[in-house]
Structures are given as structure tokens and as C-alpha cells.
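Listed below are the residues making up each chain.
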Amino acid sequence: MADLTNRVETKFLEFGSAEQPYELAFGESLPGIRVAYETWGELNEDKSNAILLCHALSGSHHAWGYNPEIEGVGELWQEEMHQGWWEEFMGPGKAIDTNKYFVVCANYLGGCYGTTGPRSINPVTGKPYGSQFPHLTIADQADMMARVIGALGIEQLHAAIGPSVGGLITLTFATRHAEKVRTVIPLCSGFKTTVLNRLILFEQILAIENDRNFNGGDYYEGTAPDYGLALARMISHKTFVHLDAIERRARNDVRQDAETLAWYQVRDTFQSYMLHQGKKFVKRFDANTYLRIIDMWSRYDAVETGKASSVEALLKPCREHNHKFLVFSIDSDFCFYPEEQAELVGHLEKNDVECMHITVHSDKGHDSFLLEPHLYAPHLAYVLGQDASSVSQLG
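Residues numbered from 1 in each chain as written. Predicted model: local features only at pLDDT ≥ 70, side-chain atom pairs only at ≥ 80, totals over all residues. Heavy atoms only, no water.

(A) The overall build of the protein, seen in detail. A tally of helices and strands in the protein yields 12 helices and 14 strands. Taken over C-alpha atoms, the radius of gyration comes to 20 Å for the protein, in line with the 21 Å a tight globule of 395 residues would show. Split into buried and exposed, the 395 residues of the protein put 57% on the buried side. Intrachain contacts of the protein at a sequence separation of at least 6 include 73% that bridge at least 24 residues. Accessible area of the protein: about 17,000 Å², with a carbon and sulfur share of 49%. Charge centroids of the protein, computed over 34 positive and 52 negative side chains, lie 1 Å from each other. (Helix = DSSP H or I, 4+ residues; strand = E, 2+ residues; numbered from the N terminus. Rg over C-alpha atoms; globule rule 2.2 N^0.38 Å. Buried < 20%, exposed > 50% of the residue type's maximum accessible area, 1.4 Å probe, protein only. Contact = heavy atoms within 4.5 Å. Areas by Shrake-Rupley, 256 points an atom, 1.4 Å probe, with all protein chains shown as cover. Lys, Arg positive; Asp, Glu negative; His and termini not counted. Charge placed at Lys NZ, Arg CZ, Asp CG, Glu CD.)

(B) Representation of the pattern of salt bridges in the model. Under the criterion given, the structure shown has 11 salt bridges. Taking the shortest distance from any N to any O, the salt bridge between Glu71 and Arg34 comes out at 3.0 Å. Pair noted here: Glu71 is in the loop between β5 (50-53) and β6 (90-91) and Arg34 is in strand β4 (residues 33-40), with a separation of 37 residues, a long-range link. Classification of Arg34 by relative accessible area gives partly exposed; the value is 21%. The salt bridge partner of Glu372 is Lys364, with a shortest N-O separation of 3.7 Å. Look at Glu372 and you get buried, because its relative accessible area is 9%. The class for Lys364 is partly exposed, based on a relative accessible area of 26%. One network of salt bridges, in which partners are shared, links Arg248, Asp363, Lys364 and Glu372. (Salt bridge = Lys/Arg side-chain N within 4 Å of Asp/Glu carboxyl O.)

(C) Structural view of the environment of Gly41. Along the chain, the position of Gly41 falls in the loop between β4 and β5. Gly41 sits 98 residues away from Ala139 along the chain, and the two C-alpha atoms are 27 Å apart. Not counting residues up to four positions away in its chain, the partners in contact with Gly41 are Thr98, Tyr101 and Phe102.

See the structure below:
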């Protein structure tokens, strides 16, 4: 049941304009952008207690509290999202203690929850950007986050934290804006997108692009490519949730979906469960946004994104600014395998960057970072400088 007492509201920042376009990392630009974000806690006098939180692929900037609506988002802001996605990890007295820290989380550029994205109106044409919205990179997200904290008057973050795709942004923020952060915490993330993930992401791109309603991305005045987006989510969902957990979650009954399937008969509860997940997702997300995010994930290489000549050159600023890293792995993760975090840790250690590596033992797979705060809270609190014993039993 939603906690209606901790009401929060989305705020907005604007950068650039038609006269002074907002420049993207690899040459393209937009005629100004709007960024949706939320904050929790209070900045201290010297503004040294700020934490940047970067959300996962299909998440939002709404990490804690109750927010029933966001300006301009409409029906995509489903009831299931009114409560924050990291409720058990942050808040008063929790691992990320909002009595002690000022936490900032922004919706990604290209997003569909208030930040300028393909659904937004292009001021040049008066219509949604659709296919005209540019390709994005992880660097664009990291650079936007730097603009956000700068607009809030924050010169250096106490920490930057991000799970999953948010971890890629967190790492890139630390390498591109090393002077702006002290502690860097990527959870179940990576250093360079693997061939396996690129293939899985490519399957999802094909699913969306080949929906008969996709229309090259210009579908906002017609029918949305719901089947393609639902299939893409089904492809990805089995990497987010451990197969044992899917078996536990699957309904006891099998439901045939006449709208989706004509000839084939749904055979078991697992197929029924996955259909349900796909159809539920299309109610809360935009296909063009999904494409932009998985495209930038697919092309991610920390060295290239950081515009460095080598791993050593990439991590040199982290060493020079005395960064402290906490890297989380999940032993049952099929999305970002533990070997990917081990690669990052190996690079950090080789380049004399202080690092702690924690492997979480869980049967929930990649989604553990959303579901099991007790496995993360003591380590988060310790690295952030809190008394870990005071939060170790949370969740």
C-alpha cells in the first residue's frame, strides 16, 4: 500500500535554446532541453553532502516518496510508479540517509518521464521529435548530470551511485568529471558492453523496429508499437530476473492471450507470466525512449566514452582525485555478469584507484539491487561514512 505521507514533486531545469543549442557528446545537438529531477534531504552549508543517484534502464528519477503525477507525462505514469523505486535503500535513517545527505536523481535525456525525449515537442516543427530525436551516448547522460548538479550549486559530490545502466553513467561521470565526485558506487554494472549483451539488445531493437506500427519512430499520431515493445521487454526480462525467481513468480494458472496469439496455445505458467510482463510494460514506457537507452548501452565502452586513449589514461583522473570505489556484483546476475565487475575492479586496482568489491549472494538475479536492501545497506553506509551497524538490519 502506498505511503501517501511522504509526498514529493518533480522539478525541472532547462539548458540550451534554439539560439544556443544543447550540444551532445559526439557532435549532434538539440534546441534546448528540459530535465526532470527530484531531490531529498537538505544541502549543508558548504554543499559537501550531495549524492547523485542514476536510475536503471526503465526506471525514473522518482526514487523515494509518493508522487502521483508528473507534468506532461500523462498515462505513462502508472500507479505502480507512484511510490519510489528505492524506498528501502534511502530515506531517514536508511543506508542513504536523507537526514544526512542531499540526494539528487534526474530522468535521463531521451527519457519519457519529464526529461526531453522523442515524445517531446520539437520547437522547430511543433510535433513530437520521434525519429528526429538524435542517438545518445552514456557520455551525454553523464554530462547532463554534471549540468544538473552545477545548476544546484554543487561543486563536488560526496558520492555518485548507480545500478545497472545507471552504473555505466556513474563510472562515466567519475572519469569525465573526476573533480566533481569523491566516492563512486556502481552496482551490478560493467566496463564495456559484452558481445552477448549486444546481441540481446539487438534482438530487442529488431522487435521494436519490425512492429508494423513503428513507422520509423513516427507513431505518436497513430498506434504505438506495443507488440514490438512488449516483445523487447520479454527478451530483456529473463536477464533481469533469475529463472528460479521467474518460476516462483509465475501464476498458477495459464492464460491464453487471444489478442497476441492466434495459432499458438500458451503451454505453461512461464509463458503466461512473460506475456503479462510485456503487456504491463507498454503501459508505462515509450518505445523510442527504450531504443535510445538500449542503443547507448549497446555501444558502451568506458575508454571510448571517456574519450581516453587507454584504460590507464581513463582512470588517471580518478587516481589523481583520490576517488574511492565500491563495486557490487550479484552472483546470480544474468544481465551484467560478475565477470564484468571483476574486469572493472581489475582495472581500478592496476591503476592504484582505491576500491572495495562486494559480491552479493542472491537467488533473485539482477533485480536483487531493487529487492534486497539488507544485502547492500551495511556496505553502502560504511563507504558513505555512516555507522554501518545502525542500518544493517534495514529491509
